[in-house]
Amino acid sequence: MVKPASDGDQPAKPATITRRTLLGGAATAAVAVVQTSFAKGLQIGIPQISDDPTKQMGVPPGKVGTRSSFEKLAKNASDISSRSPLQDLYGTITPSDLHFERHHNGVPAIDPAKYELLIHGLVERPTVFTLADLKRFPSVSRIAFLECSGNFRTGKETMSPQEICGLTSQSEWTGVLLSTLFREVGVKPGSNWFLAEGGDAALMTRSIPTSKGWNDAIIAYAQNGEALRPEQGYPVRLFLPGWEGNTSVKWLRRLELGDAPWQTREETSKYSEGIKGGKIRQFSFDIDARSIITFPAYPVQIQKGWIEIRGLAWSGRGKVSRVEVSTDAGKNWKLADLQEPILDKAHVRFRHLWQWNGSETEIMSRVTDETGYVQPTFAQLIDARGADTGGYHFNPITVWQIKPDGRVLNRPENFR
Amino acid sequence: MNRMSDPKVDSLPSRFGLGKPATIAQITPLDIDVRPDGQGLPAGSGTATTGAVIFAAKCAACHGAGGVGGPNGSLVTTTPAPGKRTEKVIGNYWPYATTVFDYIRRAMPFSQPGSLTNEEVYSLTAYLLTANKLFDEKAVLNAQTLPKVVMPAQKLFVPDDRKAGPEIH
């Protein structure tokens, strides 16, 4: 199960550092050449590290902010995906440059001035919208998570939350409701499905029930206050709250309304899972409720005394109702505090104070959502689906082993 | 979130008049999708014999000689090695043969997507279906014959019937 990460998609990081003199030599600043995703050099001033920063001029304001050079946040990238560092993040919004990525033939570079969205098929008025057209419609903003339904890894003790389930992130998404565009083009009766197609080199496609489009789908052009990042579908993506990430097609170029699903490669040979009786479940869109303790978690080492257990919980079927935490290997469960506001189909931050006495134990969390669904154990999931289920929509309780020396290790599950 | 059930919807115009009518010339080059009933399949045809040559040149490096093995996975049913799980390939897992044509045409070869002619895509599809013992190696694959191919896994596929609630599925 565990795939080694490559450096393929590592985020921008400082390369060569050269000195330059500012203000007649009164102060110096390093200038780092940072590689952007399009490989163009961008100069960013970074203060020299000083023994006493109060005795040295700082750098002047810049056109864009930078993350402290002391903070080593990084996605964990493979050839096809890049995972958010959940254990290093606070609150519930994922910084845009740390949002997980999953794509099928790289990140395309799309000129927003040439961008067009075509909507056709079972509609009264087949229409082409420019990006400017889309931005003229009434807009919506919504905070919601996005998760890849293949977001499950196990197999060794030395796995961080990022490695176990780093294919989930949360943003404020802004765009136009798809229902607004449906009204604009006049969806015809009998249109039960639509095909969403990306403008990437894989021409990624998914069939989506039209009801989801009417309900809460967003044609998103912005994320966390700015235009989408290229890795997140610039200039326009589909965003389907609570549904498996693959359906939120990025670099969206076309929507075709039809009467039946297209049975694309993604929804047949990939995003389907074996269930009991030798059957294969298809169009399993909802993300099941899940939680994970992100602190303390591998690779941290803890010390005796008070520890604030922190983590994330979410459900694709609605709001999180409660999160329970066990610090005695699942014998007893206590209610964790949930950070307000608790939003629909959104990551929620939970916290629980714990006094560790230095003895070996296991800690874990489980979420209950507003439909009454309680996050299952690994064994419960396998029992419900059969051993040949595959890794999609796999949301078991994550168990952390606390060793007497304070090491925190993942408890691997026997998967396949 | 649902404007259709929102009283505010009455204050919205039914149309904003934004966007331009899409012409046939704009729709046709993008409208490449293929449905299980064959709708969307282009003119042209191919055979497994021709497909075998193309496969060896353009596909085998990623998917193995004959569609078995290779760094990006097998495409053809074979006997699993002892102790290994059965690989999910076209012959034992894909529910619709039209998907093979659609996916090859839109995304393959990986390093040169969109470079194959419709004839080449038909030939590769014929080759892969034949290698999976789902199509006669002497037969011609085209818009009429492809949708008629019955895939063994089709009967296994069931739509998600889970309802929100306590049950673990």
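Procedures and definitions
Residues numbered from 1 in each chain as written. Chains lettered and ligands numbered in written order. Predicted model: local features only at pLDDT ≥ 70, side-chain atom pairs only at ≥ 80, totals over all residues. Heavy atoms only, no water. UniProt positions renumbered as here; feature names shortened; annotations may be inferred. Helix = DSSP H or I, 4+ residues; strand = E, 2+ residues; numbered from the N terminus. Contact = heavy atoms within 4.5 Å. Buried area = accessible area lost by both parts, 1.4 Å probe. Salt bridge = Lys/Arg side-chain N within 4 Å of Asp/Glu carboxyl O. Phe/Tyr/Trp six-rings, centres within 6.5 Å; stacked < 30°, edge-to-face > 60°. Buried < 20%, exposed > 50% of the residue type's maximum accessible area, 1.4 Å probe, protein only. Lys NZ or Arg CZ within 6 Å of the ring centre and 35° of its normal. Pairing = 2+ DSSP bridges. Axes fitted to C-alpha atoms, helices over the stretch in contact; angles between N-to-C directions.

### A few points about the UniProt feature "domain: Oxidoreductase molybdopterin-binding" (unreviewed entry) in chain A
Right, on to step 1. If you check UniProt for "domain: Oxidoreductase molybdopterin-binding" (unreviewed entry), the listed places come out as residues 104-263 of chain A in our numbering.
Right, on to step 2. What you have in residues 104-263 of chain A is 16% helix and 36% strand, and the ends, taken at the C-alpha atoms, are 17 Å apart.

### So, the interface of chain A and chain B
Right, on to step 1. The interface of chain A with chain B comprises 68 residues on the first partner and 49 residues on the second.
Right, on to step 2. Counting each side, the surface lost to burial between chain A and chain B is near 5200 Å², with a carbon and sulfur contribution of 56%.
Right, on to step 3. Of all residues in chain A, A:R183, A:R265 and A:I280 bury the most surface against chain B, accounting for 13% of the area lost on that side.
Right, on to step 4. Put simply, chain A and chain B have 6 salt bridges between them.

### Re the packing of aromatic side chains
The geometry of an aromatic ring pair is captured by two quantities: the separation of the ring centres and the angle between the planes.
Residues and elements named next belong to chain A.
Right, on to step 1. Summed over all chains, the structure comprises 16 aromatic pairs over all chains.
Right, on to step 2. Centre to centre, the rings of Y271 and Y392 are 4.8 Å apart; their planes meet at 40°, and the pair counts as tilted. Of this pair, Y271 sits in the loop between helix 5 (265-270) and strand 17 (273-274) while Y392 sits in the loop between helix 6 (378-385) and strand 26 (399-402); the two residues are 121 residues apart in sequence, bridging distant segments of the chain. In terms of burial, Y271 and Y392 fall into one category: buried.
Right, on to step 3. Its end group placed over the ring of F295, R310 keeps NZ or CZ at 5.7 Å from the ring centre.

### Examining the sheet that holds strand 1 (residues 20-21) of chain B
Right, on to step 1. Across the sheet, 6 strands lie side by side as 12(A)-11(A)-16(A)-7(A)-8(A)-1(B); this open sheet has mixed pairing. The open sheet has two edge strands with one neighbour each: strand 12 (205-209) of chain A together with strand 1 of chain B.
Right, on to step 2. Where strand 11 (residues 193-198) of chain A lies against strand 12 of chain A, 5 bridges are found, and the strand directions are antiparallel. Its bridge partner being in strand 12 of chain A, A:A196 is matched across the sheet by A:R206.
Right, on to step 3. Where helix 3 (residues 178-185) of chain A meets the sheet, its contacts fall on strand 7 (116-121), strand 8 (127-130), strand 11 and strand 16 (252-258) of chain A, and the angle it forms with strand 8 of chain A comes to roughly 135°.

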